[in-house]
Structure formats: C-alpha cells, structure tokens
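What follows is the residue order along each chain.
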Amino acid sequence: MEKTNNKKLIASATLIVASIALLLGLTFAWFTDTVANKGNKIQAGTLKVQLYDTVTTASGTVPEKEITNAGEAIFGIEELREPGARTAEHVLRVANNGSVALKYEISFQKIDEGPSGSAIENVIDVYLGGQKSGVLADYLSGAKSIVSPDGVLAAGASTTLPRVQLAMQETAGNQYQGMQTQFDVILVATQATGEADGFGNVDYDKDATYPWDGVTVTPVAPDSNGAYNLSSGAELAWVSQEVASGTFGSARSGAGPRSRAAERY
C-alpha cells in the first residue's frame, strides 16, 4: 500500500515538473520585441506680467524700479499740494516675464475720494508724452486710458509707454483746498493668441478675459429660456448683488448702458 502511494506521489511530481517545463518552453518559444517611448512630459506655461517705472525729476532720472503690490505709490501726495504744481514724469514699462503671449490693460481705479468729495479730479491734468490728454476724472471713470485696450506682448517682450505726468491747474481756486482723491494704478493681463496647439489652432484662447478688478459690476440679461449665462467676474458680482438685495430675476436687467468692464470684455 505504501509503495503504491509513493508511486502516485512520484508520478504527480513528475507531471507537475513536466507541466512547468512545457509552460516555460511555450513562454519563451515566441519571437518578442518591445518599444519604450520614454520621457513624455506636459508642462503648463507661465503668464507673468510686470510693471516698471523710471522717474524723471528736476534733479535727474532715477534708475528703473519694479512696481510691486506692496510698494510705494507711483504718484505721491506731496507732489500736488497747490495750483501749478506738477508730479515727476513717470515712464512705465510693461514686460511679459512669462512663457506665453499675453494681452494687457492699465487703468486708474478710484478707491477713495475723502470726506471733501472728488471735484479735485476735474482740475488735475494728465499729460502723456508731454501733451495734455485730459483730466484725472476722465481716467478714473474709464473714459480714457494711458494705453490702448488689449495691448499684446509675446513671451519675453516688453513695451515702454509714453511718459505720464499729473499737474494741478493754475486756475484751481480756494474751493479745492483740503480736497483729495485716491486711486490705484492697475495692470491686468490674460493669455493672448500666439501659440499653436496640436491642431495648429492659434486662436483657441481669443476669448480669454481679464481677472475681475473686485469693483466693477456688469448687469446680465437672461436668454430666451430665462437662463443667465455668465462670462466674467463682474457679471457674477452683479448676480451676487441682486441675490443679496432680493431682486434677482424680478426684471430683465442689463438693458441700460454697459459698464466699462463689460465693454472691455
């Protein structure tokens, strides 16, 4: 009996070894080949716009400096204390320090008019390239800009703007004493057409919009189905404002004049 079992075990072991040998033989009997395409990489481009300022005063020209969010204001309050006074001349340069093409705009954004009102904006002249271009009120309202809308810069390129100077009119009378106005110089940028994608398209980003300035509100009218199609932060801000006031959807808004940001977009 014991001999019979041993024979069975030996036979089973033999079959297992034979099967493994056959499998190994079958596995390595075929012709094989391998192609390994290594190093595939996807890296997003960078959009980086920067503003530089070169200041010229009666004492000479100050070397160009980078304008930062937390840096010193371009136009100082001490420069325009009385009628006839002028600020230094500022030559601004916009640079594309990123790796993709961009379009940009520069605006004067009003942040505070002070307790005495903002009439002083109407007696401060703005000079571009040595020529009077308008009054500060024109620029704070968006009616004028120190650059043409949607300036375009290729990656690594820069452009120098006409020199800018502010001057208080000599005819400004006593009613302007103590008045003040405050504003930010805002440079915004977004991607522009220029780079081609895998299909050769260069205009896939032609509808890219600027970042919301945190202030502008643009009314939106619903479509024929009553849906509000939003395309900018300014429009979303309007919806939020309407919801907060409880008037959202109560009327077909947006029939009036469009805001500056809406025209820009």
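Shown above is the structure to which this text applies.
Residues numbered from 1 in each chain as written. Predicted model: local features only at pLDDT ≥ 70, side-chain atom pairs only at ≥ 80, totals over all residues. Heavy atoms only, no water.

Engineer: What exactly am I supposed to notice about the overall build of the protein here?
Structural biologist: A count of helices and strands for the protein gives four helices and ten strands. When the helices and strands of the protein are listed from N to C terminus, the series reads α-β-β-β-β-β-β-α-β-β-β-β-α-α. The buried share of the protein, reckoned over its 265 residues, is 32%. Expressed as a percentage of contacts within the protein between residues at least 6 apart in sequence, the contacts between residues at least 24 apart total 68%. Accessible surface, the protein as shown: approximately 17,000 Å² in total, 54% of it carbon and sulfur. (Helix = DSSP H or I, 4+ residues; strand = E, 2+ residues; numbered from the N terminus. Buried < 20%, exposed > 50% of the residue type's maximum accessible area, 1.4 Å probe, protein only. Contact = heavy atoms within 4.5 Å. Areas by Shrake-Rupley, 256 points an atom, 1.4 Å probe, with all protein chains shown as cover.)

Engineer: Teacher, can you tell me more about the layout of surface pockets here?
Structural biologist: Any space left empty among the atoms is revealed by the rolling of a water-sized probe across them. Within this model, the largest pocket holds a volume of roughly 1,200 Å³. In this structure, the largest pocket is lined by 40 residues; those nearest its centre are Ala73, Ile74, Phe75, Phe183 and Asp184. If you list the elements that add at least two residues to the lining of the largest pocket, you get β1 (49–57), β9 (164–168) and β10 (182–191). The element best represented in the lining of the largest pocket is β10, accounting for six residues. (1 Å grid on protein atoms, 1.4 Å probe; cavity = no way out; pocket = protein on both sides within 12 Å on 5 of 7 lines; lining within 4 Å. Points joined across faces, edges and corners; volume = space filled by probe spheres on them.)

Engineer: Can you help me understand the nonpolar core in this one?
Structural biologist: Generally speaking, a soluble globular protein has its nonpolar side chains buried in company with each other. In this structure, Val94, Tyr104, Ile106, Phe108, Ile146 and Leu161 are the most contacted members of the largest nonpolar core, which totals 33 residues. When residues of this core are traced back to their parent elements, those giving at least two are β1, β3 (89–96), β4 (102–112), β5 (124–128), α2 (136–140), β9 and β10. No other element matches β4, which puts four residues into this core. In this structure, Leu161 is in contact with Val91, Leu92, Val94, Tyr104, Ile106, Ile146 and Val147, ignoring residues within four places of it in sequence. (Core = buried A, V, L, I, M, F, W, Y, C linked by side-chain atoms within 4.5 Å.)

Engineer: Hey, could you run me through the environment of Asp205 in this one?
Structural biologist: Examined against the element boundaries, Asp205 turns out to sit in the loop between β10 and α3 (233–245). Classification of Asp205 as buried rests on a relative accessible area of 6%. In sequence terms Asp205 and Gly194 are eleven residues apart; their C-alpha atoms lie 9.0 Å from each other.

Engineer: Help me understand the packing of aromatic side chains, please; the structure alone is not making it clear to me.
Structural biologist: Each aromatic ring pair is summarised here by two numbers: the centre-to-centre distance and the angle between the ring planes. Evaluation of the coordinates by the stated rule reveals five aromatic pairs. Summarising the aromatic geometry, the rings of Tyr228 and Trp238 are spaced 6.1 Å apart at their centres and angled 35° between planes, so their arrangement reads as tilted. Of the two residues, Tyr228 sits in the loop between β10 and α3 while Trp238 sits in helix α3, which places them ten residues apart along the sequence. Classification of Trp238 as buried rests on a relative accessible area of 5%. (Phe/Tyr/Trp six-rings, centres within 6.5 Å; stacked < 30°, edge-to-face > 60°.)

Engineer: How should I be thinking about the pattern of salt bridges in this particular structure?
Structural biologist: When the charged atoms of two side chains lie near each other, side chains of opposite charge can form a pair. Applying the stated criterion to the full structure yields six salt bridges. Its salt-bridge partner being Arg93, residue Glu64 comes within 2.9 Å of it at the nearest N-O pair. Highlighted residues: Glu64 in strand β2 (residues 60–67) and Arg93 in strand β3, separated in sequence by 29 residues. Its relative accessible area of 38% is what places Glu64 among the partly exposed residues. Lys65 is the partner of Glu72 in a salt bridge, and the nearest nitrogen-oxygen pair spans 3.9 Å. (Salt bridge = Lys/Arg side-chain N within 4 Å of Asp/Glu carboxyl O.)

Engineer: Got a minute to help me understand the environment of Ile111 in this structure?
Structural biologist: Here Ile111 shows up in strand β4. Look at Ile111 and you get partly exposed, because its relative accessible area is 46%. Measuring from C-alpha to C-alpha, the distance between Ile111 and Phe183 comes to 5.1 Å, with 72 residues separating the pair along the chain. With residues up to four places along the chain from it excluded, the contact list for Ile111 reads Gln182, Phe183 and Asp184.

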